[in-house]
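Structural characterization, general
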Amino acid sequence: MSEQYEVLAVRYGTRQASAAEVFLNYHVYREPDRPLGMDYFFWVARNPARSVLIDTGFSPAAGAARGRTMLMDTVPALHAAGLTPDGVAQVVLTHAHYDHIGGLPAFAGTGAEVIMTRDEYEFWTGPMGRRGQFAHSAEASELDQLRELRAVGRLTLAGRARPIAPGIELIQVGGHTPGQAIVTVTTAGGPVVLASDAVHYYEELERDRPFSIVSSLADMYAAFDQIRELANGGARVVAGHDPLVAKRFGRPADPPTRRPAERDHDQPVAA
Ligand SMILES: [Zn+2]
């Protein structure tokens, strides 16, 4: 039998956005614009034998440069989830945007294996990743850190599907970025899909609305199909930036009178 894990979504940042910013070519839907909160998460899959971190958050500087509100830096956020950098065996990077790899320095002095897709690494360390519309979502110094990790043998490059540990698998879907990955995790409550930025908001899946930052629109739609198929097979999907994650993946033990909006913002959410 495959190992099972507890999954935590750790909300470390937030900002106010709008539908027109978030959805690609929003005008085609002929709806008025509306405010939409955007939350920033990383995720933990753990059991008594192993803790795997999925993404690392943005750095304080990269978040501030873009007007994002940081609620917790990476290490305090790990502490809130009951972890320290030394306790993390593997760090999976779903893609190389600033809000997913900016917390890597916390693991510089640890032995954690860092894993991302080869397509993602090669894109961002190659010439196309430096073009303006792409480069806007990345930090050159953080891409250099990926190169350094690779040079010292700590960065593993994955193909389209790769087991991370028993019960945890990385699956490349592309779309948002060339090598965007999702991560599936076996839990006692069935499989969980950490969609990361393959699905920022549930509305993308439910109304088939692509996100505004896209490297291949066809791949993004195909990723929606692939994730819906996993959901139809019984998996719970955790969207990458949706404030609804707290509501949909809150601890079942919470008293029903305590609404997610009343939850402390530094409370990790169990999926
Ligand atoms: Zn993101």
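Right above here is the structure, for reference.
The sections below set out a description of the structure shown in this document.

A short note on the overall build of the protein
Check the secondary structure of the protein and you find ten helices and 13 strands. Radius of gyration (C-alpha) of the protein: 17 Å, near the 18 Å computed for a compact globule of 271 residues. Taken along the three principal axes of its C-alpha coordinates, the protein extends 50 × 50 × 35 Å. Taken over 271 residues, the protein has a buried fraction of 52%. In the protein, once contacts between residues fewer than 6 apart in sequence are set aside, the share between residues at least 24 apart is 67%.

Some points on the pattern of salt bridges
Applying the stated criterion to the full structure yields 14 salt bridges. The partner of Glu 139 in a salt bridge is Arg 66, with the nearest N and O atoms 2.8 Å apart. Linking Glu 139 in the loop between α6 (132-135) and α7 (140-151) with Arg 66 in the loop between α2 (60-65) and β4 (69-70), this pair joins segments that are 73 residues apart in sequence. Note on Glu 139: relative accessible area 24%, which makes it partly exposed. Looking at Arg 66, the relative accessible area reads 19%, which means it is buried. For the salt bridge of Arg 207 with Glu 203, the shortest nitrogen-to-oxygen distance reads 3.3 Å. Here Arg 207 and its partner Glu 203 are both found in helix α8 (residues 202-207), four residues apart, which amounts to about one turn of the helix.

What about the sheet that holds strand β10 (residues 181-187)?
Taken in spatial order, the five strands of this open sheet run β8-β9-β10-β11-β12, and their pairing is mixed. Every interior strand has two partners, whereas the edge strands, β8 (161-165) and β12 (236-239), have only one. Adjacent strand axes in the sheet meet at a mean angle of 25°, parallel and antiparallel pairs treated alike. This element, helix α9 (residues 217-232), spans β9 (168-172), β10, β11 (190-196) and β12 of the sheet and lies at about 10° to β10.

Details of the coordination of the zinc ion
All of the protein donors around the zinc ion are Asp 99 (OD), His 100 (NE2), Asp 197 (OD) and His 241 (NE2); their distances to the metal are 2.0 to 2.2 Å. Classification of the site at the zinc ion rests on its four donor atoms, whose angles at the metal span 89 to 158°, yielding the label irregular. The sequence pattern describing where the donors of the zinc ion fall on their chain is D-H-x96-D-x43-H. Note that His 100 is positioned in helix α4 (residues 98-101) and Asp 197 in the loop between β11 and α8, a separation of 97 residues in sequence. When sorted by exposure, His 100 lands in the same class as Asp 197, which is buried.

Section: the pairing of β9
Summarising burial for β9: four of the five residues are buried, a large majority. Direction of pairing for β8 relative to β9: antiparallel, over a ladder of four bridges. By the bridge assignment for β9, Ala 161 is matched with Ile 171. Bridging between β9 and β10 involves five bridges; their strand directions are antiparallel. Residue pairing for β10: Ile 168 is matched across the bridge by Val 185.

Cut-offs used in this document
The written sequence of each chain sets the order in which its residues are numbered from 1. Residue-level local features of this predicted model are given only where pLDDT is at least 70; pairs of side-chain atoms are given and counted only at 80 or more, and the full residue set underlies all totals for whole chains, interfaces and linings. Calculation of side-chain values draws on the structure's entire complement of heavy atoms; hydrogens and water are dropped beforehand. Per the convention used, a helix needs a DSSP run of H or I reaching at least four residues, while a strand needs a run of E reaching at least two, with both numbered from the N terminus. Values of the radius of gyration come from C-alpha atoms, whereas the globule rule sets the reference at 2.2 Å times the count of residues to the power 0.38. Only protein chains enter the calculation, and the probe is 1.4 Å; a residue is then buried if its accessible area is under 20% of its type maximum, exposed if over 50%, and partly exposed in between. Whether two residues are in contact is decided by their heavy atoms: any pair within 4.5 Å suffices. Whenever a carboxyl oxygen of Asp or Glu lies within 4 Å of a side-chain nitrogen of Lys or Arg, that contact is scored as a salt bridge. In this scheme, strands are said to pair when DSSP sees at least two bridges between them. Axes here mean lines fitted to C-alpha atoms, for a helix over just the part in contact, with angles spanning 0 to 180 degrees between N-to-C directions. Coordinating donors are taken as N, O and S atoms within 2.8 Å of the metal, stretched to 3.2 Å for Na, K and Ca; because water is absent from the atoms, sites can appear incomplete. Angular criteria define each label, namely tetrahedral for four donors with all angles between 85 and 135 degrees, square planar for four and octahedral for six donors with opposite donors over 155 degrees apart and remaining angles between 65 and 115, and irregular for whatever fails these tests.

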